[in-house]
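Observations on chain architecture
Residues per chain are reported as follows:
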Amino acid sequence: MPVAPLLDNSGKCVILCHAPRKEYYKKFLYEAFPVESHLHHFLHDNLNAEMLVGAIENKQDAVDYLTWTFMYRRLTRNPNYYNLQGVSHRHLSDYLSELVENILADLEASKCVAIEDDMDLSPSNLGMIVSYYYMSYTTIERFSSSLSPKTKMKCLLEILASDSEYAQLPIRPGEEELIRRLINHQRFSSENPKYTDPHVKANVLLQAHFSRHPVGGNLASDQREVLLSASRLLQAMVDVISSNGWLSLALLAMEVSQMVTQGMWERDSMLLQLPHFTKELAKKCQENPGKSVETVFDLVEMEDDERRELLQMTDSQAGEDISLVVTLERHLEGRSEVGPVEAPRYPKAKEEGWWLLVGDTESNQLLAIRRVTLQRKSKVKLEIAAPAESAKRTYTLYFMCDSYMGSDEEYSFTVDVKEAAGPEDDSARE
């Protein structure tokens, strides 16, 4: 059964299985299961980072560094797992030296490190970028070898999606058909795409995001991971491009970063970045009689009544919210810190928490809520949608504790909402 947080300290797991498999599962309970190191699979990026901070300055430092790792302890215990021919000191020394030589040769080939006099090591600019953005050295190698001043949008997206960070993107049974459908609607297509390729999937999910094609289920969670990695990778790509001094390509990579954040193509209306804007409304603004409205600045420069007439939005949609800033301060009465809640009947130590909320008691409507922790002093901002009609409204601010009774507080305040009378009356909602 699952363990409930704050209620249980232990739980039980019941495995229902075929009788012949019972002994197999019991083996995991009663026999120690060895844990092996995977450091040798990720050693390129590890050594690159250690060189960057100065912990490794030459090849001998790299060998010495490995002798302090868990992998070194496991080499003699399970040599076959690490393809070690023997467990003598000579075997270990030769194995580590060869491993370091191969790793550094790969890093040098990818231009992440410079080797001087066949011994001394110094990180390059690309090596610094790899470490700073927590990337794989193979990704920066691809950036360096594939990008050129003539790279266009389609090629840039293909380079981005082909990064090794996306190699582990799962392809689940039945997803090939979903990916094929998305490819049929994407802006940039490739010849004979392999639907089981995780890099193809990454490219498809990126373009679906830009086109605002909804994806659900596991694809939605995969798309989220693709987008989070894309922002970081694009920053690294801009650094690589700027190192080469390519202006146009740097601007293009920056545009793609904007596309990732806003979920739109660079050719789409800029108004789609605004809340409540649809493609139909953006087109209506573009076709506005008298003056085409194509940018946010065009919208801001319009007169209030003209903008209201064009958008036909409610006041809350138009963004006329009320900002309420609350300053909280507590007196500790000589104490230096708050400490846990005094609750001897509660089964474990607990830190106090507070809710700050705004409500309309007349309509019994909760308008805003924030959960806060308060040590000495805190400033909290709450956003409340302005009422649709002009009127004076009385709201109540509540400060509720989740642990102590009788410590709750509430304050009433009034909001005066006024409608502008017309072009001559420039008074805003208050």
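What counts, and at which threshold
- Residues numbered from 1 in each chain as written.
- Predicted model: local features only at pLDDT ≥ 70, side-chain atom pairs only at ≥ 80, totals over all residues.
- Heavy atoms only, no water.
- Phe/Tyr/Trp six-rings, centres within 6.5 Å; stacked < 30°, edge-to-face > 60°.
- Buried < 20%, exposed > 50% of the residue type's maximum accessible area, 1.4 Å probe, protein only.
- Helix = DSSP H or I, 4+ residues; strand = E, 2+ residues; numbered from the N terminus.
- Patch = residues over 30% accessible without salt bridge, like charges linked within 9 Å, V, L, I, M, F, W, Y side chains within 5 Å.
- Areas by Shrake-Rupley, 256 points an atom, 1.4 Å probe, with all protein chains shown as cover.
- Salt bridge = Lys/Arg side-chain N within 4 Å of Asp/Glu carboxyl O.
- Lys, Arg positive; Asp, Glu negative; His and termini not counted.
- Charge placed at Lys NZ, Arg CZ, Asp CG, Glu CD.
- Polar contact = N/O pair within 3.5 Å; in protein donor to acceptor, adjacent residues only side chain to side chain.
- Contact = heavy atoms within 4.5 Å.
- pLDDT = per-residue confidence, 0-100.

Within the structure shown, the criterion is met by 6 aromatic pairs. Aromatic pair Tyr24 and Tyr25: ring centres 5.5 Å apart, planes at 70°, arrangement edge-to-face. Under the relative-accessibility criterion, Tyr25 is labelled partly exposed at 34%. With a centroid separation of 6.1 Å and an interplanar angle of 75°, the aromatic rings of Tyr395 and Phe413 are classed as edge-to-face. Taken together, the residues Tyr395 in strand β7 (residues 391–401) and Phe413 in strand β8 (residues 409–417) connect sequence positions 18 residues apart. Counting every residue linked through ring pairs, the aromatic cluster contains Phe188, Phe210 and Trp265.

Together, Ile15, Tyr24, Tyr25, Phe28 and Phe33 line one region of the surface with nonpolar side chains, adding up to about 550 Å² of accessible area. Counting through the fold element by element, Ile15 comes out in the segment before α1 (22–30).

Together, Glu57, Glu116, Asp117 and Asp120 line one region of the surface with negative charge. Along the chain, Asp120 turns up in strand β2 (residues 120–123).

For Glu36, the position within the fold is in the loop between α1 and α2 (43–52). A polar contact is formed between the side chain of Glu36 and the side chain of Asn78, at a distance of 2.9 Å. Side chain to side chain, Glu36 and Tyr82 meet in a polar contact 2.8 Å long. When residues no more than four places from it in sequence are discounted, the contact partners of Glu36 are Phe70, Arg74, Asn78, Tyr81 and Tyr82.

Before going further, it helps to spend a moment on the confidence of the model for the chain. Summing up the model confidence of the chain, the mean pLDDT is 82 and the portion of residues at 70 or higher is 90%. Contacts for the low-pLDDT stretch residues 421–430, under 50 throughout, to residues beyond four places or in other chains number 17 contacts.

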